[in-house]
Amino acid sequence: MSATQTVRTPQTQLADSIRRGTDILKWSSQGTWPVVDLAIRLWLAQAFFVSGVLKVGNWETALNLARYEYPVPWIDPVTAAYLGASIELVAPVLLALGLATRLAALPLLLLTLVMQHYYVALDEQLFWAWLFAGYLVSGAGPLSLDRLLAPGLADSALPLASAASRAARWMSIRVDPIYRLGLRLWLAGGLALAAIASAPHPWLAGRTLAVMPQALALACALLLAVGLATRPAALLLAAAALGAGMAGAPAAHLAWLVLLLAGLLLRGGGAISVDRLIPGLLERVLPGYAGPSSVELAALPRVVIVGAGFGGIACARELRHEPVSVTLIDRQNYHLFQPLLYQVATAGLAPSDIASPIRELFREQRNARVLLGSVTTVDRERREVHMDGKRIPYDYLVLATGASHSYFGRDDWAPFAPGLKRVEDATEVRRRLLLAFERAEASDDAAERDAQMTFLIVGGGPTGVELAGAIAELARYGMAQDFRDIDPAQARVILVQSAPRILPTFPEPLSAQATRALQALGVQIMTHSRVTDIDDAGVLVNGERIASRTVLWAAGVVASPAAAWLGAEADRAGRVPVGPDLTVTPRSPRPGRDSRFPGSRRRPSKAADTQPASLPRGSRADRRLRPSPTGIRAVSPPSAARPPWSTSAGSGYTALRLGGCGAWCMCSSCWECATGSPSCGTGSGPISPTAAARA
Ligand SMILES: Cc1cc2nc3c(=O)[nH]c(=O)nc-3n(C[C@H](O)[C@H](O)[C@H](O)COP(=O)(O)OP(=O)(O)OC[C@H]3O[C@@H](n4cnc5c(N)ncnc54)[C@H](O)[C@@H]3O)c2cc1C
């Protein structure tokens, strides 16, 4: 059956629409929660910190309060005053930073409960208590130091570190559903009682909840108790609370209630709720809601995507709601976040930090399957992809096989100057870098020492610039005190560029900014310079010999052999001309018949792309798969910002040009990274929060 023959019943259309709606809701709550979480932490922190500062500033009053206003029977007043003030000064700072959040939330929770019990019973304190309990159970959200440090801490040899991270995970998985059930029941009880009882209960926030219209309070109490439509109920209550605040009800209490409801609205009612049963019920009522069954998939048009880099992944993700069966093939079982390869190469990150299992990314996409294998060619006549002796049939073929380095015909240079494209390259570069310092330390020969401490990077594009900056940083700061006979800071880092300036594809001011930043790190930049030979002793540049034991190649890339698979015309870099919708027209059987190829004015792009910024995003182009004569498409990766790079990169958007800190912040605060979405142009969700944040 072809795409045009696919029959979409009203039932499937409804299932599709619901699934799309759920996806949008899920995405928007995932995107919003980090900010709301940060806002809650900051607000809670300021409330307690200010109180702590006031107490310390007026210690006599603090003592009197502890002694007379809210004496706690089981602790003497002076100790209580000291303890209270310490908690109020230290824990809020940790809470605001999201550092040891659970540990900070515990004393704040206890303090709040003590105040509620021994001092004045206030609704505000009850809302705080629930918020602190939430942080105790689930920790802080993505915009926190805890999230940044968690992976490293879990792997560290610090005593109790792995036990603590296991306990934290256990709390999030096992205790969080109980917490959310408790919160829902407490709110439901409070709402019901406030609606029907005349006297508000001090532990059920009756005074605040009494502002809700009676019918709404009762209906929402029922919904929250069973966990049905929790998010809409929370939304309605929050809107009612805001309305009441505007109408003159005590705004401070209501604001805390709204924040508490925001948690339910954005995170849902938890695992112990009727809401959790809805997808299963919908699947029964609307077959196809969770995606097509394997029988249905077999009847759908087959889209085969080769390559699970940025391009392939974005394309497969975009097709998640389309009536097609997607097969994603890659020769590795992980997606590699190439922009941070240089961090692995300079020992800043571990390889696992930038590699993410492809299967995991498509766990929930029912119309996609992932195959591990190396594609060797394409049979256009039969519409089959050849993969490790197997034939995979397709109706539409998407090629997103990327590029590898090119030595411009001098492949004999490869052993002396590794490039940076795969994880293996990065670990090899790291090995060479670290060994060079070791050999320099062990050598008694001054010339050999100099050669070991000279790092030469060929190519002043983004990768070369990143590498040069990272190596210089590593030498200057990363190993400053590690050696006795050599000073790593004296290492020579040379960046050789044949063009008149580095980053030639970037706007000139960004290139100049990068030059200044690299020079500030001590990198020697040689522009207008051509490398004419490389061997194990060094490099010949402009006829001059530079002794260097570590030469790195960042000078050129060549597209994968996709053009040969298709029998398509390609330029010297292996790039294939494509149409505006990225379709590829293979070489015409009759010479001259196909106007897109030789003689055509169309600028060649890359089928297996490298950095075709001018091409439309693969995801957009493939949003609706229109039948094409060949069914073959090339996919470019989504255009992306420069990486979160700390030395000198810039961010070259069409309308917005950022450099240095601005570019770093722009990329590292990318929402999709923070929320773990795999569709980011620069990253790939689950891996990038750690990686980008660490960078
Ligand atoms: C060091 C470095 C830093 C970079 N920094 C940035 C940056 O900061 N910002 C930016 O926008 N871009 C950056 N880039 C470029 C960016 O990473 C690439 O443009 C992007 O990865 C290309 O995506 P892609 O999907 O086309 O190809 P790739 O990401 O290369 O993916 C191709 C996939 O195809 C698979 N594959 C290839 N051949 C076969 C086969 N025969 N059979 C099966 N599978 C196959 C590969 O295993 C791979 O998974 C950087 C690149 C490098 C190397």
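Before any of the text, the structure's been laid out above.
Residues numbered from 1 in each chain as written. Predicted model: local features only at pLDDT ≥ 70, side-chain atom pairs only at ≥ 80, totals over all residues. Heavy atoms only, no water.

Participant: For this particular structure, what's the right way to read the pattern of salt bridges?
Facilitator: Where side chains of opposite charge bring their charged atoms close, a pairing between them can arise. Under the definition given, this model contains 18 salt bridges. The residue Arg 180 makes a salt bridge to Asp 176 at a minimum N-O spacing of 2.9 Å. Placement of both Arg 180 and Asp 176 in helix α7 (residues 161-196) is noted, with a separation of four residues, approximately one turn of the helix. In this pair, the class of Arg 180 matches that of Asp 176, namely buried. A single network of salt bridges, built from pairs that share partners, joins Asp 379, Arg 382, Glu 384 and Arg 391. (Salt bridge = Lys/Arg side-chain N within 4 Å of Asp/Glu carboxyl O. Helix = DSSP H or I, 4+ residues; strand = E, 2+ residues; numbered from the N terminus. Buried < 20%, exposed > 50% of the residue type's maximum accessible area, 1.4 Å probe, protein only.)

Participant: Is there a simple way to think about the sheet that holds strand β11 (residues 454-458) in this case?
Facilitator: Note: strands within a sheet are paired through backbone hydrogen bonds, in either parallel or antiparallel orientation. Sheet architecture is open: four strands sit in the order β13-β12-β11-β17, paired in parallel fashion. Among the strands making up the open sheet, the edge pair consists of β13 (523-526) and β17 (550-553). The mean inter-strand angle of the sheet, taken between neighbouring strand axes irrespective of direction, is 20°. The pairing of β11 with strand β12 (residues 492-496) spans five bridges and is parallel. When the bridges of β12 are listed, Ile 457 appears paired with Leu 495. (Pairing = 2+ DSSP bridges. Axes fitted to C-alpha atoms, helices over the stretch in contact; angles between N-to-C directions.)

Participant: Looking at this structure, how should I read the packing of aromatic side chains?
Facilitator: Each aromatic ring pair is described using two quantities: the centre-to-centre distance and the angle formed by the ring planes. Inspection of every chain in the model, using the stated rule, returns 15 aromatic pairs. An angle of 90° between the planes, with centres 5.9 Å apart, marks the rings of Trp 128 and Trp 256 as edge-to-face. Taken together, the residues span a long stretch of sequence, with Trp 128 in helix α5 (residues 123-138) and Trp 256 in helix α11 (residues 251-267) at a distance of 128 residues. Side by side, Trp 128 and Trp 256 carry an identical accessibility label, which is buried. An aromatic cluster of at least three residues, connected via ring pairs, comprises Trp 43, Phe 48, Trp 128, Phe 132 and Trp 256. (Phe/Tyr/Trp six-rings, centres within 6.5 Å; stacked < 30°, edge-to-face > 60°.)

Participant: What is the right way to look at the environment of Leu 131 in this model?
Facilitator: Within the element layout of this structure, Leu 131 appears in helix α5. With 128 residues separating them along the chain, Leu 131 and Leu 259 place their C-alpha atoms 8.5 Å apart.

Participant: Whenever I open this one, helix α3 (residues 77-97) confuses me. Can you help?
Facilitator: Because each turn of an α-helix spans 3.6 residues, side chains separated by three or four positions in sequence point in the same direction. In this model α3 runs 30 Å from its N-terminal to its C-terminal C-alpha over 21 residues, within 8% of the 30 Å that 1.5 Å per residue would give. If you check which residues of α3 are buried, you get Ala 81, Gly 84, Ala 85, Ile 87, Glu 88, Ala 91, Pro 92 and Leu 95. Contacts made by the buried residues of α3 are with α1 (10-57), α2 (59-69), α4 (101-118) and α5. The distance from a side-chain oxygen at the start of α3 to the backbone nitrogen of Val 78 is 3.2 Å, and the residue carrying that oxygen is Asp 76. With its phi angle positive at about 70°, Gly 98 sits one or two positions after the end of α3. (Expected span 1.5 Å × (residues − 1). Contact = heavy atoms within 4.5 Å. Polar contact = N/O pair within 3.5 Å; in protein donor to acceptor, adjacent residues only side chain to side chain.)

Participant: Please explain the side chain of Lys 421 as it appears in this structure.
Facilitator: Tracing the sequence through the fold places Lys 421 in the loop between β10 (403-405) and α17 (423-442). A polar contact of 2.8 Å, which involves the side chain of Lys 421, links it to the side chain of Gln 338. Not counting residues up to four positions away in its chain, the partners in contact with Lys 421 are Leu 336, Gln 338, Leu 341, Ala 403, Ser 404, His 405 and Val 557.

Participant: What is the right way to look at the pairing of β11 in this model?
Facilitator: The side chains of a regular strand alternate, residue by residue, between the two faces of the sheet. Across the five residues that make up β11, a large majority, five, are buried. Here β11 shows a buried face lined by Thr 454, Leu 456 and Val 458 and a second buried face lined by Phe 455 and Ile 457. Read from β11 through helix α19 (residues 462-478) to β12, the crossover connection turns out right-handed. (Right-handed = clockwise from strand over helix to strand, strands pointing away.)

Participant: What is the right way to look at the packing of α1 against α11 in this model?
Facilitator: The description of two packed helices rests on the angle between their axes and on the distance between the axes. Contact pair α1 / α11: the axes reach a minimum separation of 10 Å and the direction vectors enclose 155°. The pairing of α1 with α11 is recorded here as roughly antiparallel in orientation. Where α1 crosses over α11, the handedness of that crossing is left-handed. Touching Ser 29, Thr 32, Trp 33, Val 36, Ile 40, Trp 43, Leu 44 and Ala 47 of α1 are Ala 255, Trp 256, Leu 259, Ala 262, Gly 263, Leu 266 and Arg 267, all from α11. Residues of the contact of α1 with α11, tallied by class, amount to eleven nonpolar, three polar and one charged. (Parallel < 35°, antiparallel > 145°, perpendicular 65-115°, else oblique. Left-handed = near helix turned anticlockwise from the far one by under 90°. Nonpolar A, V, L, I, M, F, W, Y, C, P; charged D, E, K, R; others polar.)

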